[in-house]
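As a plain string of letters, each chain reads:
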Amino acid sequence: MGVRQLIATMREFRARTLNLVADLDDQQMIGPRLAIVNPPLWEIGHVAWTQEFWVLRHLRKEKSLIDNGDRLYNSTDIAHDTRWELLLPRRDSTLRYMNEVLDRCVARLESSSELSADEFYFYWLTTFHEGMHAEALAYTRQTLGYPPPHFTKEAPESPIAGGARPGDVEIPGGKFMIGASEEFPFVFDNEKWLHAVQIKPFRIARTPVTNGEFLAFVEAGGYRNSQFWSTDGWDWLETGGAPELEKSFSKFFNKTIDEKSELASLSTRLDHPVYWRREANGRWIQRVFDQYFPLNENMPVVHVNWYEAEAYCNWAGRRLPTEAEWEVAASAEPGASGELSERRRYFPWGDEPPTPQHANLDWRNSGVVEVGAYQGGDSAFGCRQMIGDVWEWTSDEFQAYPGFTVDPYKEYSKPWFGTHKVLRGGCWATSSLLIRNTWRNFYTPDRRDVWAGFRTCAK
Ligand SMILES: [Fe+2]
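Predicted model only: the values in this text are computed from it and were never measured. (Residues numbered from 1 in each chain as written. Predicted model: local features only at pLDDT ≥ 70, side-chain atom pairs only at ≥ 80, totals over all residues. Heavy atoms only, no water.)

J.: With reference to specific residues and values, describe the pairing of strand β12 (residues 421-424).
T.: Along β12, one buried face is formed by K421 and L423 and the opposite face, lined by V422 and R424, is buried too. For strand β11 (residues 391-397) and β12, the ladder comprises three bridges, and the chain directions are antiparallel. Its bridge partner being in β12, W393 is matched across the sheet by L423. Sheet topology note: the β12/strand β13 (residues 441-443) ladder contains three bridges and is antiparallel. Bridged to K421 within β13 is Y443. (Buried < 20%, exposed > 50% of the residue type's maximum accessible area, 1.4 Å probe, protein only. Helix = DSSP H or I, 4+ residues; strand = E, 2+ residues; numbered from the N terminus. Pairing = 2+ DSSP bridges.)

Put into structure tokens, the structure is as follows:
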């Protein structure tokens with residue numbers, strides 16, 4: 001990851017950020033006040049402010065480019081639900097500020113052939129931060145029923161069919177090392193460091209749970225039967241996100257969506273995943289951005305939260321993998337006599353960085369693909385699509401690894417320990433520069449806006 005690659009990535013990520021909002025009108029750039037989205041106009045300014053804060057101000061000791069940036073864009077200080085009330089600069093001023101920050105950051109790089117350790121860290125920190133916000137902007141476009149981003153409409157680079165691949169693979173137990181090793185050029189604090197875990201033998205599904213499998217749970221009345229739900233899950237189901245969504249939607253909803261019936265399904269008690277709808281003829285359809293498509297039974301179930309995943313598992317007599325089990329299934333190789341070998345792979349298929357043959361990443365295919373696709377990305381034990389397509393919920397709470405110390409960006413991980421659940425593997429809108437087997441993502445268990453599904457283990 002040299003200076004040239006850094007500059008190219010900074011420019012590519014910025015172009016993507018801008019592309020993600022280029023077609024939005026001024027009203028859409030603010031959008032409704034929801035706990036799970038940010039006003040897009042705030043979010044793009046926040047991305048540039050973060051870059052300015054860490055690279056130009058913290059590292060280069062330069063003065064702030066705008067007077068009130070800290071009072072507008074510091075996500076730690078600006079309470080989430082006040083972000084709609086800020087006197088944000090208009091779009092043209094925001095874009096000028098973003099350009100100015102990027103140009104100054106790149107100008108400093110162009111005069112250097114090598115980066116100090118600090119430069120490397122803060123430049124990549126803010127670049128990856130921007131990449132993660134791009135994914136969040138895609139969630140926002142899905143949540144609010146905006147059209148898909150333009151650049152995802154290009155022809156798929158890889159086959160999207162693939163069918164289903166039911167069944168489990170067996171992973172032997174033993175000691176295994178999980179977490180980031182110091183060979184990784186850039187690591188967030190929550191992934192540090194490599195440490196041993198002891199794993200019992202387990203069986204894990206070849207693929208994430210499909211729409212077809214989840215449909216059986218829905219049609220068996222899974223959402224109406226409290227025995228499958230934890231207390232927290234049942235509480236969420238009874239009082240959950242629906243009313244909040246309902247209040248703010250009507251004003252902003254894209255009119256190509258059948259607004260009334262989506263609102264109706266939101267205001268009544270949920271009995272299926274949030275974007276599913278059963279038509280009068282009994283056929284199921286699913287909203288992707290601003291359009292409905294027939295539910296494809298071989299695609300992974302997405303936009304289900306941790307509680308829904310847990311309830312499905314209870315109904316199916318299965319369980320979610322632990323975070324460590326997930327990482328072992330993705331990284332381990334069988335030894336000569338079937339035991340866990342000590343060798344760890346960076347990716348399920350080996351150590352080679354992701355290509356379009358390995359995984360559905362980098363906004364490819366305009367969304368998720370069937371779970372049997374991407375054979376080239378299989379793990380040594382035969383799990384498919386562990387990287388890419390959909391984030392996968394694990395059973396674990398997000399917690400510090402042994403010996404954790406906080407990095408300079410103090411609010412990245414530590415405030416969220418104990419309240420969030422861990423997800424692994426990345427989704428179709430995740431950058432391939434960012435994801436690997438050891439990467440830990442984390443969301444609260446009620447979040448359905450993420451392209452997240454799950455894989456199950458035998459009990
Ligand atoms: Fe941020």
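J.: Got a sec to walk through the state of the cysteines? Specific residues and values, please.
T.: On inspection of all chains with the given rule, the structure shows zero disulfides. Among the cysteines around C427, which has no disulfide bond, C383 carries the closest sulfur, lying 19 Å off. (Disulfide = S-S within 2.5 Å.)

J.: Help me get a handle on the nonpolar core, residues and values and all.
T.: Among the nonpolar cores identified, the biggest contains 102 residues, and F214, W229, W391, W451 and F454 are the most heavily contacted of them. Apart from the residues lying within four places of it in its own chain, the contact partners of W229 are F217, G222, Y223, W234, W236, L237, Y307, E308 and A311. F176, I178, I204 and C383 belong to the second largest nonpolar core, which has 20 residues in total. (Core = buried A, V, L, I, M, F, W, Y, C linked by side-chain atoms within 4.5 Å. Contact = heavy atoms within 4.5 Å.)

J.: So what's going on with the sheet that holds strand β6 (residues 284-288)? Residues and values would help.
T.: With antiparallel pairing, three strands are arranged side by side in an open sheet as β5-β6-β7. Two strands lie at the open edges of the sheet, namely β5 (276-278) and β7 (291-294), each paired on one side alone. If you compare each strand with its neighbour and ignore which way they point, the axes differ by 35 degrees on average. Where β5 lies against β6, three bridges are found, and the strand directions are antiparallel. Bridged to R278 within β6 is W284. (Axes fitted to C-alpha atoms, helices over the stretch in contact; angles between N-to-C directions.)

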